[in-house]
Amino acid sequence: MPSVHSSPPNKRKASVDADAKVSVHSSPPKARKPPLDTGAARKPALDFGKESRKSERVLRLAAGLTEQSEDMPDALVLRGSRRPQIPGQTRASYHQGVTHLHLSGLGLVGDIASVSLCPNLKVLYAYDNKLTSLRGLGGLKQLTHLYAQQNEIASLDDFEAPLGVEQVLLQSNRLRAVRGLGGTLCVSTLNVGGQRPALAESEAASPIELDLDSLHALAPTLTSLNASGCALEDGCLAPLACLRKLTSLDLSHNALSLGAAESLVAQLPRIATLSLAGNPAVADAPKWRERLIACAERHLAEIDGKVVTDNERAFLQRLAMRNGRCLGERAAAASAQPGTRPPPRGA
């Protein structure tokens, strides 16, 4: 028998539901929790005054408008020297301490005349750029090595080689003439091979011109000449006969005949290494190697990378003398030089 004070089950459930509804509507809505501030996403406040001052300082330094700019080294020199400026070091002192400049492969255009600020510069690496001029280098009296190959230099009219330069590398440019070396005293190596001058659509490749003043200035000291791939013809070789100190000569990939090569070799008494590969008329001539060995002096040791043995040289030269070959050429070469006598038979 149910208790008097107990409520019926249905009424009790309705009462609980009503209480729950009242509880839901009576409680305030829950506020969202703010995200945890870990500091990872927090951005520092920009100091616009600092940034503005920095930009202004950069612009003023670039324009040379501050007191500090007077002691800043030249930008190109600073980049190529690969050494920082010592605090308190003056601009002039920094430039005087630079002996090597590494400016290769930087995409430089125009000229690099600003390197003249370095009076003690000895080695200049300026290859693999887009330079069109070598002006401004004549005053570098300490410069001994100039590497300016693989550029876009089409003229040396404004080039004055430094007095004491010893090695000049100008291959793979766009030169039509080699000049500007008339005032040098010490050049031992000159490379002008592989020139690619700009040609009109219907224009054929013309031989590179070798300036006579430059050749005569080089004659007392030049020992290595590379003029490969310069479209040289037979008439271009006669001026090279004055280079009697040459020990290495590369005339490969030109348009030379064997007769012209023989005549030149006979006039170069110290030639030791000779390259003639890529001259079709030479390669097609019978016994071209033997003929060159017979005409050369005793110092010739290598032709196109192949060694000339002492026995081979002696045999071929005896055979040539017996047949009278090359004797007239060597006598003509000697008579072309004032104060010399034709070489004796068997010499």
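A. Looking closely at the overall build of the protein. The helix and strand inventory of the protein stands at 10 helices and 14 strands. Split into buried and exposed, the 347 residues of the protein put 35% on the buried side. Taking contacts inside the protein between residues at least 6 apart in sequence as the whole, the part at least 24 apart equals 41%. Looking at the protein as shown, the accessible area adds up to about 20400 Å², and 54% of this sits on carbon and sulfur atoms.

B. Inspection of the packing of aromatic side chains at higher detail. If you walk through the whole model with that rule in mind, you get one aromatic pair. With a centroid separation of 5.1 Å and an interplanar angle of 5 degrees, the aromatic rings of Tyr-125 and Tyr-147 are classed as stacked. Within this pair, whereas Tyr-125 is found in strand β3 (residues 123-125), its partner Tyr-147 is found in strand β5 (residues 145-147), the two being separated by 22 residues in sequence. For Tyr-125, a relative accessible area of 23% gives the class partly exposed. Overall, Tyr-147 belongs to the buried group, its relative accessible area being 15%. Note that Arg-83 overlies the ring of Tyr-94, its terminal NZ or CZ placed 4.6 Å from the centroid.

C. The arrangement of the nonpolar core in detail. In terms of nonpolar packing, the biggest core is built from 70 residues, with Val-115, Leu-124, Leu-146 and Leu-251 touching the most fellow members. Listed by contribution, the elements that provide at least two residues to this core are α3 (75-81), α5 (212-218), α6 (258-265) and α8 (288-295). Top contributing element to this core by residue count: α6, with five residues. Apart from residues lying up to four places away in sequence, Leu-124 is in contact with Leu-101, Leu-103, Ile-112, Val-115, Leu-137, Leu-143, His-145, Leu-146 and Tyr-147.

D. Geometry of the sheet that holds strand β1 (residues 100-102). Spatially, 10 strands are ordered β1-β3-β5-β6-β8-β10-β11-β12-β13-β14 in an open sheet, and the strand pairing comes out mixed. Each edge of the open sheet carries a strand with a single partner, namely β1 and β14 (306-307). In the sheet, β3 pairs with β5 via three bridges, with the strands oriented parallel. When the sheet's bridge partners are listed, Leu-124 is paired in β5 with Leu-146.

Calculation notes
Residues numbered from 1 in each chain as written. Predicted model: local features only at pLDDT ≥ 70, side-chain atom pairs only at ≥ 80, totals over all residues. Heavy atoms only, no water. Helix = DSSP H or I, 4+ residues; strand = E, 2+ residues; numbered from the N terminus. Buried < 20%, exposed > 50% of the residue type's maximum accessible area, 1.4 Å probe, protein only. Contact = heavy atoms within 4.5 Å. Areas by Shrake-Rupley, 256 points an atom, 1.4 Å probe, with all protein chains shown as cover. Phe/Tyr/Trp six-rings, centres within 6.5 Å; stacked < 30°, edge-to-face > 60°. Lys NZ or Arg CZ within 6 Å of the ring centre and 35° of its normal. Core = buried A, V, L, I, M, F, W, Y, C linked by side-chain atoms within 4.5 Å. Pairing = 2+ DSSP bridges.

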